Amino acid sequence: MSDVFDGYERQYCELSASLSKKCSSAISLDGEQKKQKLSEIKSGLENAEVLIRKMDLEARTLPPNLKSSLLVKLREFKSDLNNFKTEVKRITSGQLNAAARDELLEAGMADTKTASADQRARLMMSTERLGRTTDRVKDSRRTMMETEEIGVSILQDLHGQRQSLLRAHETLHGVDDNIGKSKKILTDMTRRMNKNKWTIGAIIIALIAAIFIILYFKLTK
Amino acid sequence: MGDHLVRAEEFEKKAEKKLNGWGIFGSKYEDAADLLEKAANSYKLAKSWDQAGKAYLKLADCHLKSDSKHDAANAYAEAAKCYKKVDTNEAASCLERAVNIFCEIGRLNMAARYYKEIAEYYESDQKFEQAIAYFEKAAEFFQNEEVTTSANQCNLKVAQYAAQLEQYEKAIKIYEDIARHSLNNNLLKYGVKGHLLTAGMCHLCKADVVSITNALEKYQDLDPTFTGTRECKFLADLASAIDEEDIAKFTDVVKEFDSMTPLDSWKTTMLLRVKEKLKAKELEEDDLT
């Protein structure tokens, strides 16, 4: 996943946490303090919007397989931001006759209901994410097992090939020895051949000489 | 194709003529061998496997008469390749003759390879007893020539089919021997747990809980790394399921293991046998009550 996106996400989470704290504290405040708190919250919301825009741009530059999961996250963040905005509106409008309004609409209970619904939604989301992670871990483990099996079979093949190579090496040594012997034999044969050549030559010369001698003696008589 | 057949028959007739005629210094067998080889090749091109096989057998006879044993053995092997397409029994008998010649001339490596090939013919014909016999011979020859990898391959086949034929003791011994041998080799030691798992499964098939427990202890002594493996846990869980005679637990354990490492057909068969035995036991107990 993109490091840049992770950075933005971290910033957004921190901002979101501080905004929720500020919102809950703003309800109990009055007058000038409340106005100050609201202006802080609004600037925080603007920052959050900027961060979401940046995350959106970053997510769209990433490859499709990562993009889809990041866009889902972004959607969650956007809905979170919208919740904050409605909360701020409620706080702002609630400045007028807050006590009477609370009494009429039982705002406290509504708040707790909203909070519990939010928590439930978050919990569901976390559970879902956990389930997905578990599946992913299982898949990874299965892949790892398959890889291990393949590795084992490759090692066995390598062992077989090693033995074949060693046998080939031994055979080559044998061939080398035989070639050495053959060379020696051929050298001996050449030597003998030359010896025989000279011997036959000598015999032929001797015979010719003998013939000439015999002829000489025959003719001189 | 018809053209090849005609040419093959011509070559064969010429070879017959050569063999029946007078040969100067015994060269007639060599000439006939050349012609028969051409005939056999033409038959092969015509896809007339039976006649090609016969031609190779005649060629082998010619080589034997001209005292070329190596060539004769190769001719028998070629005949086997041709007969393989039509009649595996004939192919096996041709290879058997080739093996005998190779043994005579001291080429035990080749003999072992052809024994393995004969075993594979019988294996493809589902004749497992004969396949086992020939795989054993091949393994023995490979072992003599110190070709341990091929010997192990043959022994593993023997063990696999022995287990299928319910000769569990034989299979267990082979798997344990191979595991023991593999432990001393850096390339083979990673396959040890696989061999021990298969040996353990053979123990399970015997349905003797004590023997399974003892075997597991022995395997953990043999290979200390086996203790922490999924295979060891799998065998231990199966053993406890058998001990408790709990089919549901047995099935769950198998399912869990299969979800990670899919079981091959042999393992599935073995585990099914164990399950059937468990079911039979359960039925017996129901009948008694």
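Looking at UniProt, one finds chain B named Alpha-soluble NSF attachment protein 2 and attributed to Arabidopsis thaliana.

The name that UniProt assigns to chain A is Vesicle transport v-SNARE 11, with the source organism given as Arabidopsis thaliana. The record held by UniProt for chain A lists under Subunit (literature references left out) the comment "Forms SNARE complexes with the t-SNAREs SYP51 and either SYP21 or SYP22 in the PVC, and with a much lower affinity with SYP61 in the TGN. Does not interact with SYP41, SYP42 or VPS45. Binds to EPSIN1. Interacts with SCYL2B." Its UniProt record gives chain A a comment under Sequence similarities, which states: "Belongs to the VTI1 family."

A.B. asks: Looking at this structure, I do not really get the side chain of Q163 of chain A. What am I missing?
C.D. replies: Mapped onto the fold, Q163 of chain A is located in helix α5 (residues 107–220). Overall, the relative accessible area of 13% leaves Q163 of chain A in the buried class.

A.B. asks: Could you clarify how one ought to interpret the interface of chain A and chain B in this entry?
C.D. replies: Quoted interface sizes are often the accessible area lost when the parts come together. On the side of chain B, 16 residues touch chain A, which itself brings 15 residues to the contact. Contact between chain A and chain B buries roughly 1,400 Å² in total, counting both sides, with carbon and sulfur atoms accounting for 59%. For the interface between chain A and chain B, the tally reads one salt bridge. A salt bridge links K193 of chain B to E148 of chain A, with the nearest nitrogen and oxygen atoms 2.4 Å apart. Its residues assigned to classes, the side of chain A that touches chain B shows four nonpolar, four polar and seven charged.

A.B. asks: Before we go on, may I ask you to explain empty space enclosed by the protein in this structure?
C.D. replies: If a probe the size of a water molecule is rolled over the atoms, the empty space left behind becomes visible. Residue and element names in this part refer to chain B. Using the criterion set out here, one finds one cavity of 30 Å³ or more in the structure. Taken as a whole, the largest cavity holds about 40 Å³ of empty space. Along the walls of the largest cavity sit A207, I242, V274, K277, L278 and K281, which together make up its complete lining. Ranked by residues supplied to the lining of the largest cavity, first place goes to helix α14 (residues 265–288) with four residues.

A.B. asks: Quick question: what am I supposed to make of the nonpolar core here?
C.D. replies: Soluble, globular proteins show a tendency: their nonpolar side chains are buried together. Membership of the largest hydrophobic core comes to 98 residues, with the highest contact counts inside it found for M201, C202, L204, F234, L238, F250 and L271 of chain B. Excluding anything up to four places from it in sequence, F234 of chain B contacts L197, M201, V253, V254, F257 and L271 of chain B. Counting 24 residues, the second-largest nonpolar core is a separate cluster that includes F5, Y8, L15 and F77 of chain A.

A.B. asks: Looking at this structure, how should I read helix α12 (residues 230–244) of chain B?
C.D. replies: Structurally, the α-helix is built with 3.6 residues per turn, so residues lying three or four positions apart point the same way. All names here are of chain B. Over its 15 residues, α12 extends 21 Å from the first C-alpha to the last, a length consistent with the 21 Å expected when each residue adds 1.5 Å. Burial in α12 covers these residues: R230, E231, C232, F234, L235, L238, A239, A241 and I242. Phi for E245, located one or two positions after α12, is positive at around 55°.

A.B. asks: Even after reading the chapter, I still don't get a nonpolar patch on the surface, so can you show me in this structure?
C.D. replies: A cluster of nonpolar residues, I200, I204, I208, I211, F212, L215 and L219 of chain A, forms a patch on the protein surface that exposes about 730 Å² of accessible area. Tracing the backbone through its elements, the reader meets I200 of chain A in helix α5.

A.B. asks: I keep staring at the pattern of salt bridges and nothing clicks. Help me out?
C.D. replies: Residue and element names in this part refer to chain B. With the rule as written, the count across this model stands at 14 salt bridges over all chains. Between K267 and D264 there is a salt bridge, and its shortest N-O distance comes to 3.4 Å. The exposure class assigned to K267 is buried, which follows from its relative accessible area of 15%. Through salt bridges with shared partners, a single network forms among K44, E78 and K81.

A.B. asks: Which parts of the structure should I look at to understand the packing of helix α11 (residues 209–222) of chain B against α12 of chain B?
C.D. replies: Any two packed helices are characterised by the angle at which their axes cross and by the distance between the axes. All names here are of chain B. In contact at an axis separation of 10 Å, α11 and α12 are set at 165° when each is read in the N-to-C sense. Judged by the inter-axis angle, α11 sits roughly antiparallel to α12. In terms of crossing hand, the pair formed by α11 and α12 is left-handed. Here V209, I212, L216 and Q220 of α11 come into contact with α12, specifically with C232, L235, A236, A239, I242 and D243. For the contact of α11 with α12, the class distribution of residues is eight nonpolar, one polar and one charged.

A.B. asks: Could you clarify how one ought to interpret the UniProt feature "transmembrane region" in chain A in this entry?
C.D. replies: Per the UniProt record, the feature "transmembrane region" sits at residues 199–219 of chain A. Note that residues 199–219 of chain A is 100% helix and 0% strand, and that its end C-alpha atoms are spaced 30 Å apart.

A.B. asks: What's the story with the UniProt feature "repeat: TPR" in chain B in this structure? I'm lost.
C.D. replies: Residues and elements named next belong to chain B. According to UniProt, the feature "repeat: TPR" maps to residues 112–145 and 152–185 in the numbering used here. This span, residues 112–145, is 88% helix and 0% strand, and a straight line between its end C-alpha atoms measures 9 Å. Within the segment residues 152–185, helix and strand shares are 85% and 0% respectively, and the terminal C-alpha atoms sit 13 Å apart.

About the thresholds
Numbering of residues begins from 1 in every chain and follows the order in which that chain's sequence is written. Note on labels: chains are lettered from A, ligands numbered from 1, in written order. Reporting in this predicted model follows two pLDDT cut-offs: at least 70 for local features of residues, and 80 or more for side-chain atom pairs to be given and counted; totals over whole chains, interfaces and linings ignore these cut-offs and use all residues. Side-chain metrics in this entry use all non-hydrogen atoms of the structure; hydrogen atoms and water are not considered. UniProt positions are given in the numbering used here, feature names are shortened, and annotations may be inferred rather than shown by experiment. Each helix is a run of DSSP H or I of at least 4 residues and each strand a run of E of at least 2, with the numbering of both proceeding from the N terminus. Each residue is assigned to one of three classes by its accessible area relative to the maximum for its type, calculated with a 1.4 Å probe on protein chains only: buried under 20%, partly exposed between the two thresholds, exposed over 50%. Contact between two residues is taken to exist if any of their heavy atoms lie within 4.5 Å; hydrogens are not considered. When two components associate, each loses some accessible surface as probed by a 1.4 Å sphere; the sum of these losses over both components is called the buried area. Whenever Lys or Arg places a side-chain nitrogen within 4 Å of a carboxyl oxygen from Asp or Glu, that contact is recorded as a salt bridge. Three residue categories are used. Nonpolar comprises Ala, Val, Leu, Ile, Met, Phe, Trp, Tyr, Cys and Pro, charged comprises Asp, Glu, Lys and Arg, and polar comprises the others, including Gly. Here the term cavity refers to a set of points on a 1 Å grid, laid over the protein atoms alone, in which a 1.4 Å probe fits but cannot get out; the term pocket refers to an open set having protein on both sides within 12 Å along at least five of seven lines, with lining residues being those that place an atom within 4 Å of a point. Grid points are joined across faces, edges and corners, and a volume is the space filled by probe spheres set on the points. To form a nonpolar core, buried Ala, Val, Leu, Ile, Met, Phe, Trp, Tyr and Cys residues must be joined to one another through side-chain atoms within 4.5 Å. Any helix carries an expected span of 1.5 Å times its number of residues minus one. Patch definition: residues with relative accessible area over 30% and no salt bridge; like charges joined within 9 Å; nonpolar side chains (Val, Leu, Ile, Met, Phe, Trp, Tyr) joined within 5 Å. Residue-level accessible areas treat just the shown protein chains as cover; the underlying method is Shrake-Rupley with a 1.4 Å probe. Fitting a line to C-alpha atoms yields each axis, with helices limited to the stretch in contact; the angle taken between N-to-C directions then spans 0 to 180 degrees. Small angles under 35 degrees read as roughly parallel and large ones over 145 as roughly antiparallel, with 65 to 115 read as roughly perpendicular and the rest as oblique. Definitions for this section: a left-handed crossing has its near helix turned counterclockwise from the far helix by less than a right angle. A right-handed crossing has that turn clockwise.

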